[in-house]
Amino acid sequence: MAVKKSILIVGASRGLGFALTEEFLTRDWNVVATSRGSSSGLARLQKQHPESLALSTVEITDIASLRALRERLTDRKFDVMFVTAGICRANELSPLQVEEKDFIDMMVTNALSPMRIIELFQDRVANDGVIAAMSSEIGSITNSTGFWELYSSSKAALNMLMKSFAAHHPNDPHALLLIAPGWVKTEMGTQDAILEISDSIPLVADLVERSAGTRGVRFVDRHGETIPW
């Protein structure tokens, strides 16, 4: 019998992270899914997939909590790690209007924390595996139209930190993916978004699966097409 592949999904309690958890479970992967606290949705999934889904809690903005999660997973090795956690606040405000705390919270949650996770857990991912973070097309500085400028700047910061990580680790064997899933109808994406989850997440999972065994950093959309930095 073939050994089931495994994925660590950080930020799985809602939205795209929850949908990604469901998708990989339907593909018969072993999944470790994290959330800040208890999640009724994840608990329901675990009842449906008791042998395939393990749950853990972590506060991604707390470095001690991240280190504790690493300790709990010390004996685990993953084919994929996918960081999906993120927040969007004051998305229609300008720099003059925004509360500093809201902007700082977005930068810490959307950029700094995902990269801390990647640095802490990179050695828990198989050498031919994939390390991915959920980015956004509006994180492209080249293509910026000023839409949701504060949120987009946090995603641009994430992209820059991942690119810097790759530069500092030129021999890293992993596929390092910044994946823009498209504007999807979720609590964060709002109902103004143009895509359903079913239009995005299966393609994102396909992209992750076919990226195994490749290496280097890429900023791509859900189809695998390169997005300008």
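Coordinates for the structure precede this section.
Residues numbered from 1 in each chain as written. Predicted model: local features only at pLDDT ≥ 70, side-chain atom pairs only at ≥ 80, totals over all residues. Heavy atoms only, no water.

S.K.: Any chance you could break down the side chain of Ser 136 for me, citing the residues and the numbers?
M.R.: Mapping Ser 136 onto the fold places it in the loop between strand 5 (125-134) and helix 5 (149-168). The class of Ser 136 is buried, set by a relative accessible area of 11%. (Helix = DSSP H or I, 4+ residues; strand = E, 2+ residues; numbered from the N terminus. Buried < 20%, exposed > 50% of the residue type's maximum accessible area, 1.4 Å probe, protein only.)

S.K.: Please provide a residue-by-residue account of the packing of aromatic side chains, values included.
M.R.: According to the stated counting rule, one finds six aromatic pairs in the structure shown. Plain terms: the ring middles of Phe 24 and Trp 29 are 4.8 Å apart, the flat faces sit at 70° to each other, and that makes the pair edge-to-face. Both rings, one in Phe 147 and one in Trp 148, keep their centres 5.2 Å apart while their planes meet at 10°; by these two values the pair is stacked. Aromatic rings pair up to connect Phe 147, Trp 148, Tyr 151 and Trp 183 into one cluster. (Phe/Tyr/Trp six-rings, centres within 6.5 Å; stacked < 30°, edge-to-face > 60°.)

S.K.: Any chance you could break down the environment of Ser 113 for me, citing the residues and the numbers?
M.R.: Examined against the element boundaries, Ser 113 turns out to sit in helix 4 (residues 100-121). Overall, Ser 113 belongs to the buried group, its relative accessible area being 0%. Each C-alpha atom, one on Ser 113 and one on Leu 55, is 20 Å from the other, the two residues being 58 residues apart in sequence. Ignoring any residue separated from it by four or fewer positions in sequence, one finds Ser 113 in contact with Ile 60, Thr 61 and Val 108. At 2.8 Å, the side chain of Ser 113 and the backbone oxygen of Val 108 are in polar contact. (Contact = heavy atoms within 4.5 Å. Polar contact = N/O pair within 3.5 Å; in protein donor to acceptor, adjacent residues only side chain to side chain.)

S.K.: Talk me through the side chain of Ser 35; I want residue IDs and the actual numbers.
M.R.: The residue Ser 35 is located in strand 2 (residues 30-35) in this model. On the basis of relative accessibility, which here comes to 7%, the residue Ser 35 falls in the buried class. When near neighbours in sequence (up to four residues on either side) are disregarded, Ser 35 contacts Ser 13, Leu 42, Ser 56, Thr 57 and Val 58.

S.K.: Requested: an account of helix 2 (residues 40-48), with residues and values cited.
M.R.: Residues Gly 41, Leu 42 and Leu 45 constitute the buried set of helix 2. Looking down the long axis of helix 2, one finds its buried residues gathered within 95° of arc, a one-sided arrangement. Facing away from the buried side of helix 2 by over 90 degrees, the exposed positions are Ser 40 and Lys 47. Against helix 1 (15-26), strand 2 and strand 3 (53-57) lie the buried residues of helix 2. (Arc of directions from axis to C-beta.)

S.K.: Can you tell me about the packing of helix 1 against helix 6 (residues 197-211), naming the residues and giving the values?
M.R.: Put simply, helix 1 and helix 6 touch, their axes get as near as 10 Å, and they point 60° apart. Judged on the interaxial angle alone, helix 6 and helix 1 are oblique. For the pair helix 1 and helix 6, the crossing hand works out as right-handed. Residue-level contacts link Gly 15, Leu 16, Ala 19, Leu 20, Glu 23 and Phe 24 of helix 1 to Ile 197, Ile 201, Pro 202, Val 204, Ala 205, Val 208 and Glu 209 of helix 6. (Axes fitted to C-alpha atoms, helices over the stretch in contact; angles between N-to-C directions. Parallel < 35°, antiparallel > 145°, perpendicular 65-115°, else oblique. Left-handed = near helix turned anticlockwise from the far one by under 90°.)

S.K.: Describe the packing of helix 1 against helix 2, naming the residues involved and giving the relevant values.
M.R.: One can describe the packing of helix 1 onto helix 2 by two numbers: an axis separation of 11 Å at closest approach and a directional angle of 5°. With respect to each other, helix 1 and helix 2 are oriented roughly parallel. Contact residues: Phe 18, Thr 21, Glu 22 and Leu 25 in helix 1; Gly 41, Leu 42, Arg 44 and Leu 45 in helix 2. Taken together, the residues of the contact of helix 1 with helix 2 break down into four nonpolar, two polar and two charged. (Nonpolar A, V, L, I, M, F, W, Y, C, P; charged D, E, K, R; others polar.)

S.K.: Which residues make up the sheet that holds strand 7 (residues 216-221), and what values go with them?
M.R.: One open sheet accounts for seven strands, arranged 3-2-1-4-5-6-7; its pairing is parallel. A strand with exactly one partner marks an edge of an open sheet, and here the two such strands are strand 3 and strand 7. The mean inter-strand angle of the sheet, taken between neighbouring strand axes irrespective of direction, is 15°. Here four bridges tie strand 1 (residues 6-10) to strand 4 (residues 78-83), and the two strands are oriented parallel to one another. Residue Leu 8 lies in a different strand from strand 4, and its bridge partner there is Met 81. Contacting strand 2 and strand 3, helix 2 runs over the sheet at an angle of about 155° to strand 3. Seen against the sheet, helix 4 touches strand 1, strand 4 and strand 5 and runs at an angle of roughly 165° to strand 4. (Pairing = 2+ DSSP bridges.)

S.K.: So, the pattern of salt bridges: which residues are in play, and what are the values?
M.R.: This model, assessed by the stated rule, comprises nine salt bridges. Residue Arg 89 pairs with Asp 105 through a salt bridge whose shortest N-O separation is 2.5 Å. Highlighted residues: Arg 89 in the loop between strand 4 and helix 4 and Asp 105 in helix 4, separated in sequence by 16 residues. Relative accessible area serves as the criterion here: at 33%, Arg 89 is assigned to the partly exposed category. Residue Asp 105 pairs with Lys 101 through a salt bridge whose shortest N-O separation is 2.7 Å. Taken together, the positions of Asp 105 and Lys 101, both in helix 4 and four residues apart, correspond to about one turn of that helix. (Salt bridge = Lys/Arg side-chain N within 4 Å of Asp/Glu carboxyl O.)

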